[in-house]
Amino acid sequence: MPPTPAQLDHATATTPIISLEGVSKSFGDVRALQDVTIHIPPGKTTVILGPSGCGKSVMLKHIIGLLKPDAGSVTFDGQRVDRLREHEMNDIRTQVGFLFQQGALFDSMTVGQNIGFPLREHSDLSFQERAKRVDRMLEIVGVPGTADRMPAELSGGQQKRVALARAVILEPSVVLYDEPTTGLDPIRSDIIARLIQRLQARLSLTSVVVTHDITTAFKIADTMVMMQNGHVLLSGPPSKFKSSDDEVVRRFLDGDAGPSTFDLPDPTDDSLEEDNHS
C-alpha cells in the first residue's frame, strides 16, 4: 500500500536536511573531529555548543564543503556534499546563508550594497528589484531606512542585523550562524536571539547556531549538541541538557572552570594578602 499524504509529510519533516555520519578530520597531529554524527532537522534551530577549539567551526565548514572529511559522509538535502567538486558546490551554497562571527561587511560598500551583493552575483533581478528586496529585508531585521549608510555609521548590533539580512537575502533554506551574539551586550544579544526566531518562522528556515552564549542557546534551541575534544558529548532537546548530570556538561553550562583547569592560587588563601603587602 502506498504511503498516505500524512505519512509523506511526516517523513519529510523527520528526514534531516543535513547529516554528518561518522565524520573525522585531522590537521597534522590535531584531531579536529572524531567520528562525529549529527542530524539537523528541517525548519528547526539546532544549537552547537562547546569550548573553543572543540571542532564547532570545522563542522560548519564541512556542511558547506569548504573542508572534506578524512572519513565519514556529509549530506545536504539528500546529496553527498563530500563527494562534490568545488564547482558543483555552487547550487548548494546558494541554499545556505552564513552569518560570520564579526559580520564581515564590506567597509567600502553601503548597507544596501552589502545586502544586495549576493543578489547581484546570483540572480537576474534588475537594480530596482534588488533595491526593493533589500528594503524589505531591512524592515524584517529592524533597521529600515539604513540602505544608504555605511557600516561604520552603525552600532555593533545594527551591523549584526545588516549581516544577517545579507545572509538571508537569497532566501536560503538553511542559515549557519557563527557566534551571532559575540561582542554584544545582553539586551542586544536578546534582540539577535529574537530575530533568529522571527526569521526562522517567517522564512521557514533551518538554523544551525554555533555559540558560547548559554542564555541565547536556551532561548532559541529546538535541539542542542555539545562538542568536546572533537566529538559529540551530548545531543537532544534543551530539557536533556538542563537535567544532565554529566560533569563536563554541567561545568560548561554553569561557567565553572573547575579546580584543576588552571594552575591558579586559591583566592581564599591568606598568604595572597601577605604577598600583596610584602
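Residues numbered from 1 in each chain as written. Predicted model: local features only at pLDDT ≥ 70, side-chain atom pairs only at ≥ 80, totals over all residues. Heavy atoms only, no water.

Enquirer: Could you clarify how one ought to interpret the side chain of K25 in this entry?
Expert: Note that K25 resides in strand β1 (residues 18-27). A residue is classified by how much of its surface remains accessible, and K25, at 12% relative accessible area, is buried. In terms of polar contacts, K25 uses its side chain to reach the backbone carbonyl oxygen of K68, at 2.8 Å. Filtering out sequence-adjacent residues up to four positions away, K25 remains in contact with V30, R31, A32, L33, V58, H62, K68, P69 and D70. (Helix = DSSP H or I, 4+ residues; strand = E, 2+ residues; numbered from the N terminus. Buried < 20%, exposed > 50% of the residue type's maximum accessible area, 1.4 Å probe, protein only. Polar contact = N/O pair within 3.5 Å; in protein donor to acceptor, adjacent residues only side chain to side chain. Contact = heavy atoms within 4.5 Å.)

Enquirer: What is the right way to read the sheet that holds strand β9 (residues 223-228) from this model?
Expert: Each strand in a sheet pairs with its neighbour through backbone hydrogen bonds, running either in the same direction (parallel) or in the opposite one (antiparallel). Ordered in space as β6-β7-β8-β3-β9-β10, the six strands form an open sheet in which the pairing is mixed. The two strands at the open ends of the sheet, each matched to only one other strand, are β6 (96-99) and β10 (231-236). Here the strands of the sheet are splayed against their neighbours by 15 degrees on average, with no regard to which way each runs. As judged from the five bridges shared by strand β7 (residues 174-178) and strand β8 (residues 206-210), these two strands associate in the parallel manner. Looking at β8, one finds that L176 is bridged to V208. On top of the sheet, helix α2 (residues 56-63) reaches β3 (45-49), β6, β7, β8 and β9; it is set at about 155 degrees to β7, its chief contact. (Pairing = 2+ DSSP bridges. Axes fitted to C-alpha atoms, helices over the stretch in contact; angles between N-to-C directions.)

Enquirer: I would appreciate a short explanation of the layout of surface pockets in the present structure.
Expert: Any space left empty among the atoms is revealed by the rolling of a water-sized probe across them. Taken as a whole, the largest pocket encloses approximately 600 Å³ of empty space. Where the lining of the largest pocket is concerned, the elements lending two or more residues are α3 (90-93), β6, α4 (111-122) and α6 (156-168). Ranked by residue count, the leading element in the lining of the largest pocket is α4, at four residues. Residues that form the lining of the largest pocket fall into these classes: 14 nonpolar, four polar and three charged. Considered as a void within the structure, the second largest pocket measures approximately 300 Å³ in volume. For the second largest pocket, the lining is made up of 13 residues, of which G112, Q113, G116, F127 and V134 are closest to its centre. (1 Å grid on protein atoms, 1.4 Å probe; cavity = no way out; pocket = protein on both sides within 12 Å on 5 of 7 lines; lining within 4 Å. Points joined across faces, edges and corners; volume = space filled by probe spheres on them. Nonpolar A, V, L, I, M, F, W, Y, C, P; charged D, E, K, R; others polar.)

Enquirer: Just checking my understanding: could you explain the packing of α6 against helix α7 (residues 186-203) for this structure?
Expert: Packed helix pairs are characterised by how far apart their axes lie and by the angle those axes make with each other. In contact at an axis separation of 11 Å, α6 and α7 are set at 20 degrees when each is read in the N-to-C sense. Of the possible angle classes, the one that applies to α6 and α7 is roughly parallel. In this structure, α6 meets α7 at a crossing whose hand is right-handed. In this structure, α6 contributes G157, K160, R161, L164 and V168 to the contact, and α7 contributes R188, I191, I192, L195, L199 and L203. (Parallel < 35°, antiparallel > 145°, perpendicular 65-115°, else oblique. Left-handed = near helix turned anticlockwise from the far one by under 90°.)

Enquirer: Is there a simple way to explain the sheet that holds β1 in this structure?
Expert: In space, the four strands of this open sheet follow the order β2-β1-β4-β5, with antiparallel pairing throughout. Where the open sheet ends on each side, the last strands, each with one partner, are β2 (30-40) and β5 (79-80). Note: β1 against strand β4 (residues 71-76), five bridges, orientation antiparallel. Residue I18 lies in a different strand from β4, and its bridge partner there is F76. Sheet contacts for α2: β1, β2 and β4; angle to β1, the most-contacted strand, approximately 120 degrees.

Enquirer: Sorry if this is basic, but what is going on with the packing of helix α5 (residues 127-141) against α7 here?
Expert: Following both chains from N to C, one finds α5 and α7 inclined at 130 degrees, their axes separated by 10 Å at the closest point. With respect to α7, the axis of α5 lies oblique. Residue-level contacts link R136, I140 and V141 of α5 to L195, R198, L199, R202 and L203 of α7. Tallied by class, the residues present in the contact of α5 with α7 amount to five nonpolar, no polar and three charged.

Enquirer: Whenever I open this one, the pattern of salt bridges confuses me. Can you help?
Expert: If the charged atoms of two oppositely charged side chains come close together, the side chains can form a pair. Counted under the stated rule, the structure contains eleven salt bridges. Of the charged contacts in the structure, one is a salt bridge between R251 and E247, with a shortest N-O distance of 3.1 Å. Linking R251 with E247, this pair stays in helix α10 (residues 247-254), spanning four residues, or about one helical turn. The exposure class of R251 is partly exposed, given its relative accessible area of 25%. On the basis of relative accessible area, E247 is assigned to the exposed category, the value being 51%. (Salt bridge = Lys/Arg side-chain N within 4 Å of Asp/Glu carboxyl O.)

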